[in-house]
Amino acid sequence: MDANVHANDPRKHVNEEPRNDLMDLMNGFGGMSLFMFLIFAIMVIIKFVISG
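Residues numbered from 1 in each chain as written. Predicted model: local features only at pLDDT ≥ 70, side-chain atom pairs only at ≥ 80, totals over all residues. Heavy atoms only, no water.

The protein appears in an unreviewed UniProt entry as YqzM family protein from Paenibacillus mangrovi.

(A) Structural detail: the overall build of the protein. Helix and strand counts for the protein come out as one helix and zero strands. Carbon and sulfur atoms make up 67% of the accessible area of the protein, which totals about 5500 Å². (Helix = DSSP H or I, 4+ residues; strand = E, 2+ residues; numbered from the N terminus. Areas by Shrake-Rupley, 256 points an atom, 1.4 Å probe, with all protein chains shown as cover.)

(B) Summary view of the packing of aromatic side chains. Per the counting criterion, the structure on display carries one aromatic pair. Ring centres of F37 and F40 lie 6.5 Å apart, and the angle between their planes is 40°; on these two criteria the pair is classed as tilted. Within this pair, F37 and its partner F40 are both found in helix α1 (residues 21-51), separated by three residues, close to a single helical turn. Assessed through its relative accessible area of 52%, F40 is described here as exposed. Residue placement shows K47 over the ring face of F48; its charged tip is 5.9 Å from the ring centre. (Phe/Tyr/Trp six-rings, centres within 6.5 Å; stacked < 30°, edge-to-face > 60°. Buried < 20%, exposed > 50% of the residue type's maximum accessible area, 1.4 Å probe, protein only. Lys NZ or Arg CZ within 6 Å of the ring centre and 35° of its normal.)

(C) Geometry of a nonpolar patch on the surface. Together, M32, L34, F35, M36, F37, L38, I39, F40, I42, M43, I46 and I50 line one region of the surface with nonpolar side chains, adding up to about 1200 Å² of accessible area. Tracing the backbone shows M36 in helix α1. (Patch = residues over 30% accessible without salt bridge, like charges linked within 9 Å, V, L, I, M, F, W, Y side chains within 5 Å. Salt bridge = Lys/Arg side-chain N within 4 Å of Asp/Glu carboxyl O.)

Structure representation (structure tokens):
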């Protein structure tokens, strides 16, 4: 008896959401580096303003 008629063939798997992991990594690294640089620059400016 053929009860499982609607079974999906795993060989026909289609990646519905393709991702570029290297670009995700580079964007994350670049974004975090920029964020840390901005924090550093703001802290340096604050230090010069406070020290007079």
